[in-house]
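Now for the letters of each chain:
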Amino acid sequence: MVSLWCEEMGEEANGNLQCEMDPEVSVLLHCAAWRGLLQSRVQVELSERFDRQTDAALERHIDEVWTERVSREPWLFNGAKFRLHSFSLASSKCPPSPAVSPRPPPCTLSPRGEEDLRDTDNCHRGNGDGVIQQTASPLVQAASTSGCSASDGVTANPPTDDPESSPLLSLRLGLTCYKDFLGTNWSCRAAELRRRGEAEFGDPLALLAQPLGVGGVLCTRDGQVVLIRRSQRVAEAGGLLDIPGGHPEPQAVCEEQISVAMLQQRQEAVVSELFSSVCAEIRDEVNVPLSFLGEPVLMGVALNHTSAGRPSAEFYISCSLTSDEVRELYWRGGAEAHESTDIVFLSRTDVLRLDRSSPLWSELCPSAKGAVLLYQLVMPDRQQDSSKRSDTQDNTPDRGSR
């Protein structure tokens, strides 16, 4: 089942991940038991309740930050973004679980260079339809369950082969914008805003923009994972290695005036934009046509602590081209070729072995680190590889009979 970190996945798996955690990044949730989620298993809930909180002083600060930033970088554009407030997990055809305390014992998070946080609203709830729903409090609180064993919280139901009883992930979204991101998450006052959010709203993220990003672990036909080196001109992590990524765009769902009310009427289109946007980023940044990309598989959500815990949904996408073919397309230049300066390939095996002791780790930007951690946890292509190996073994002549 999709995990809130309290999935029963064994002490060894939790321990290995804990050792590999980096203060710049952590995993909010992962879909390891499913090998990731397809678009049909994800839904969204949109509401103005999920927008950030604000006041006049904060708005003045955001305006000041934006004015100063645009004066230095006039090409910046203030586009609308989806704000990830929280999420819930549900599994149909399951009996309601026993009541669990909404305040489970606090769990230790790997060092992040910030205050310890506690999960204050993480429990199973059954309804009259026999649907078990696991709800998460605002993101940073849900993330604080990192390192839990099943006994620390809720034991996840085992996965099932029946698609109708597969659990479902619901993302709770509001609206924000890039200007608000620069004035909150990316502001020098981010730590102060977190303290104010906790004191005034009981949520350290209440005053932060928290725009939801997307990233894609793109794997070629010959088993190579694609990384690109970010240009020095981009706003963040210039010169570092990254995966293709960006943001799902509300404007792609509502071409007219963007509002939560309009988006509420098009929630399926919002989910479609969430999944399709990562493929569009691959097309624009790596120059691989959409026709060569497989269906995106959601591995989970990672948090970037260099920008106050900004969330990013990380996907696995297979590619029917070889690494040489992808390299050739990249150097022809795509729509966003200016955002990177080089392309790098790592084998699946090398990606699975990456950790903080690897020399390459320090070259990865936080979004790439989060995607690598999720890929190592979820391994969405493992079943596919096993099938290929099985098919190969079945079809390979017995050398001893020749």
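Residues numbered from 1 in each chain as written. Predicted model: local features only at pLDDT ≥ 70, side-chain atom pairs only at ≥ 80, totals over all residues. Heavy atoms only, no water.

It is worth spelling out the overall build of the chain at this point. Within the chain, the regular secondary structure consists of twelve helices and 13 strands. When each of the 402 residues of the chain is scored for burial, the buried share is 54%. Across the chain, every contact between residues at least 6 apart in sequence was considered, and the portion connecting residues at least 24 apart equals 77%. Summed over all atoms, the accessible surface of the chain reaches about 18100 Å², with 48% contributed by carbon and sulfur. (Helix = DSSP H or I, 4+ residues; strand = E, 2+ residues; numbered from the N terminus. Buried < 20%, exposed > 50% of the residue type's maximum accessible area, 1.4 Å probe, protein only. Contact = heavy atoms within 4.5 Å. Areas by Shrake-Rupley, 256 points an atom, 1.4 Å probe, with all protein chains shown as cover.)

What follows deals with unusual backbone geometry. Excluding glycine, residues mostly have negative phi values, and the peptide bonds linking residues are mostly trans. If you check the backbone angles, R35 has positive phi at about 60° while not being a glycine. Considering the arrangement of structural elements, one finds R35 in the loop between strand 1 (25–30) and strand 2 (42–46). Phi at M379 takes a positive value of approximately 45°, unusual for a residue other than glycine. Note that M379 resides in the loop between helix 11 (366–378) and helix 12 (382–395).

Attention now moves to the side chain of S187. By the secondary structure assignment, S187 is in the loop between helix 4 (178–183) and helix 5 (190–201). Looking at S187, the relative accessible area reads 9%, which means it is buried. At 2.8 Å, the side chain of S187 and the side chain of H61 are in polar contact. Polar contacts involving the side chain of S187 include one to the main-chain amide nitrogen of R189, which spans 3.0 Å. If we skip the residues at most four places from it in the chain, S187 touches H61 and L182. (Polar contact = N/O pair within 3.5 Å; in protein donor to acceptor, adjacent residues only side chain to side chain.)

Another aspect to go through is the pairing of strand 12 (residues 310–318). The buried fraction of strand 12 is high, at eight of nine residues. With seven bridges connecting them, strand 7 (residues 213–219) and strand 12 associate as parallel partners. From the neighbouring strand, C219 faces strand 12, where its bridge partner is S318. Judged from the seven bridges that link them, strand 11 (residues 297–304) and strand 12 form a sheet pairing that is antiparallel. Bridging from a neighbouring strand, V301 pairs with A313 of strand 12. Here strand 11 folds back onto strand 12, and the loop between the two strands holds five residues, one of which, A308, carries a positive phi near 60°. (Pairing = 2+ DSSP bridges.)

With respect to the secondary-structure elements, S231 resides in the loop between strand 8 (224–230) and strand 9 (241–242). For S231, a relative accessible area of 9% gives the class buried. Once residues lying within four places of it in the same chain are set aside, the contact partners of S231 are G238, G239, H338, E339, S340 and T341.

Moving on, we get to the pairing of strand 7. For strand 7, a buried count of seven out of seven residues is recorded, marking the element as mostly surrounded by other parts of the structure. Here strand 7 shows a buried face lined by G213, G215, V217 and C219 and a second buried face lined by V214, G216 and L218. Here strand 7 runs beside strand 10 (residues 245–246); their pairing, made up of two bridges, is antiparallel. Within strand 10, the residue paired with G215 across the bridge is G245.

Our focus in this paragraph is the environment of P248. Following the sequence through the fold, P248 ends up in the loop between strand 10 and helix 6 (250–253). Given the relative accessible area of 1%, P248 is considered buried. Between the C-alpha atom of P248 and that of L212, which follows or precedes it by 36 residues, the distance is 7.5 Å. For P248, the contacting residues outside a window of four places in its chain are F82, L212, G213, V214, E273, L274 and S277.

Time to look at the pattern of salt bridges. Applying the stated criterion across every chain yields a total of 20 salt bridges. Between R52 and E59 there is a salt bridge, with its nearest N and O atoms 2.8 Å apart. A salt bridge links R196 to D55; the shortest N-O distance between them is 2.4 Å. On the criterion of sequence distance, the pair formed by R196 in helix 5 and D55 in the loop between strand 2 and helix 2 (56–72) is long-range, its members being 141 residues apart. Residue classification places D55 among the partly exposed positions, given a relative accessible area of 27%. (Salt bridge = Lys/Arg side-chain N within 4 Å of Asp/Glu carboxyl O.)

It is worth spelling out helix 11 at this point. With 13 residues, helix 11 extends 18 Å from end C-alpha to end C-alpha; this agrees with the ideal 18 Å at 1.5 Å per step. Burial analysis of helix 11 places twelve of its 13 residues in the buried class, the great majority of the element. Buried residues of helix 11: P366, A368, K369, G370, A371, V372, L373, L374, Y375, Q376, L377 and V378, and no others. In the stretch just after helix 11, M379 is the one whose phi turns positive, near 45°. (Expected span 1.5 Å × (residues − 1).)

Further remarks concern the packing of aromatic side chains. One pass over the structure, following the stated rule, counts six aromatic pairs. Ring geometry for W66 against Y178: centres 6.4 Å apart, planes inclined by 85°, an arrangement best described as edge-to-face. A residue pair is termed long-range when its members are at least 10 positions apart, and W66 in helix 2 and Y178 in helix 4 qualify at 112 residues. You can call W66 buried: its relative accessible area is 14%. For the pair F181 and W186, a centre-to-centre distance of 6.3 Å together with 25° between the ring planes defines the contact as stacked. An aromatic cluster is defined as three or more aromatic residues linked by ring pairs; in this entry it consists of W66, Y178, F181 and W186. (Phe/Tyr/Trp six-rings, centres within 6.5 Å; stacked < 30°, edge-to-face > 60°.)

Attention now moves to the confidence of the model for the chain. Per-residue confidence for the chain gives a mean pLDDT of 77; residues scoring 70 or more make up 70%. Below pLDDT 50 for its whole length, residues 92–161 participates in 161 contacts with residues either more than four positions away or in separate chains. Note on residues 385–402: pLDDT is under 50 here. Beyond four places in sequence and across chains, it has two contacts. (pLDDT = per-residue confidence, 0-100.)

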